[in-house]
Amino acid sequence: MAFERRKRNHSLESTLQSLADEELMALVAKGQARAFETIYERHGGAAFSLAYRMCGSRSLAEDVAQEAFLSIWRSGGRYDRARGSVRTWVLGIVHNRAIDALRRTVVQERRRASDEGIEERFEARERTEVEAARREEASTIRGMLETLPDEQSRVIELAYFGGFTHSEIAEMLGAPIGTVKGRMRLGLEKLRGQLAPQGVMP
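Residues numbered from 1 in each chain as written. Predicted model: local features only at pLDDT ≥ 70, side-chain atom pairs only at ≥ 80, totals over all residues. Heavy atoms only, no water.

Caption draft 1: Up close: the overall build of the protein. For the protein, the count of helices and strands is 10 helices and 0 strands. Put simply, the protein runs from its N terminus to its C terminus through helices and strands in the order α-α-α-α-α-α-α-α-α-α. Across the 202 residues that make up the protein, the buried fraction comes to 37%. In the protein, of all internal contacts separated by at least 6 residues, the share reaching a separation of at least 24 is 58%. (Helix = DSSP H or I, 4+ residues; strand = E, 2+ residues; numbered from the N terminus. Buried < 20%, exposed > 50% of the residue type's maximum accessible area, 1.4 Å probe, protein only. Contact = heavy atoms within 4.5 Å.)

Written out as structure tokens, the structure reads:
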């Protein structure tokens, strides 16, 4: 009996491994956990890498990746193959979760800094002046992005914090690459106008 069960499980695993991502997502939409596990095995590493690159913290990146995959499990039916590959879709969700996490972190640190004294707290935490400057620059740019139209801030976030190329961003957003480049150009021009007086350029 146990042997037969193991044999069936092995057969199911082999079948799932042979399916394309899009076929697996159709099964995920029907609540099939094994199909979701296969999606995670294929894309979990890339999801964590992106989250870590954006967050700079292993523990925060793990939380972001976990939240992203929980969201995917709960809303697997929302995947639309016409808007790009499964990997691009997954990384788009991770990107959004990472941005949300970074914004929450900024708010929390501002509160703590005001309570405990910003100089004492940050002087102890920053390892080098270069690292402090890099974080300050990224924080400044994040704040400025909020002043841009959503379609412009999104492409800049994907490029600046996510490290995606124009073509990858176009696939992720389901937009022509020319549109993505246009939004990038307009957004960067506005950012440069705001950041130049501060000596920070995106």
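Moving on, there is more to tell.
Caption draft 2: Broad picture of helix α2 (residues 21–28). Turning to α2, its buried residues number three or more, namely D21, L24, M25, L27 and V28. Along the axis of α2, the buried positions cluster into a sector of 155°, meaning they face one direction only. (Arc of directions from axis to C-beta.)

Caption draft 3: Seen up close, the environment of E171. The residue E171 is located in helix α9 (residues 166–173) in this model. The class for E171 is partly exposed, based on a relative accessible area of 34%. Counting along the chain gives 82 residues from E171 to W89, while the straight-line C-alpha distance between them is 9.1 Å. Apart from residues lying up to four places away in sequence, E171 is in contact with R83, G84, S85 and T88.

Caption draft 4: Spatial organisation of the nonpolar core. Within the largest apolar cluster, 44 residues are counted, with the highest numbers of intra-cluster contacts made by M25, I72, V94, I156 and I169. Among the elements of the structure, α2, α3 (33–55), α4 (58–74), α5 (86–116), α7 (129–145), α8 (150–160), α9 and α10 (177–195) are those that each provide at least two residues to this core. Per-element tally for this core: the top contributor is α5, with 9 residues. Each of domain 1 (8–120) and domain 2 (124–197) contributes no fewer than three residues to this core. Every residue in contact with I72, bar those within four places of it in the chain, is listed here: M25, V28, F36, W89, V90 and I93. (Core = buried A, V, L, I, M, F, W, Y, C linked by side-chain atoms within 4.5 Å. Domains from an automatic or database assignment.)

Caption draft 5: Representation of the packing of α8 against α9 in the model. Interaxial distance between α8 and α9 falls to 10 Å at its minimum, and their mutual angle equals 130°. Overall, the two elements α8 and α9 adopt an arrangement that is oblique. Regarding α8 and α9, the two cross each other, and that crossing is right-handed. For the pair formed by α8 and α9, the contact residues are R154, V155, L158 and A159 on the first element and I169, M172 and L173 on the second. Class assignment for the residues of the contact of α8 with α9 results in 6 nonpolar, no polar and 1 charged. (Axes fitted to C-alpha atoms, helices over the stretch in contact; angles between N-to-C directions. Parallel < 35°, antiparallel > 145°, perpendicular 65-115°, else oblique. Left-handed = near helix turned anticlockwise from the far one by under 90°. Nonpolar A, V, L, I, M, F, W, Y, C, P; charged D, E, K, R; others polar.)

Caption draft 6: View of the pattern of salt bridges. In this structure the tally under the stated criterion is 1 salt bridge. Across the pair R42 and D21 runs a salt bridge whose closest N-O atoms are separated by 2.6 Å. Of this pair, R42 sits in helix α3 while D21 sits in helix α2; the two residues are 21 residues apart in sequence, bridging distant segments of the chain. With relative accessibility at 26%, the residue R42 sits in the partly exposed group. (Salt bridge = Lys/Arg side-chain N within 4 Å of Asp/Glu carboxyl O.)

Caption draft 7: The arrangement of the packing of aromatic side chains in detail. Evaluation of the coordinates by the stated rule reveals 5 aromatic pairs. Ring centres of F36 and F69 lie 6.2 Å apart, and the angle between their planes is 70°; this geometry places the pair in the edge-to-face category. In this pair, F36 sits in helix α3 while F69 sits in helix α4, placing the two residues 33 residues apart along the sequence. With relative accessibility at 16%, the residue F36 sits in the buried group. Where F48 meets Y52, the ring centres are 5.9 Å apart and the plane angle is 15°; that geometry is what we call stacked. In this pair, F48 and Y52 are both assigned in helix α3, 4 residues apart and thus about one turn of the helix distant. (Phe/Tyr/Trp six-rings, centres within 6.5 Å; stacked < 30°, edge-to-face > 60°.)

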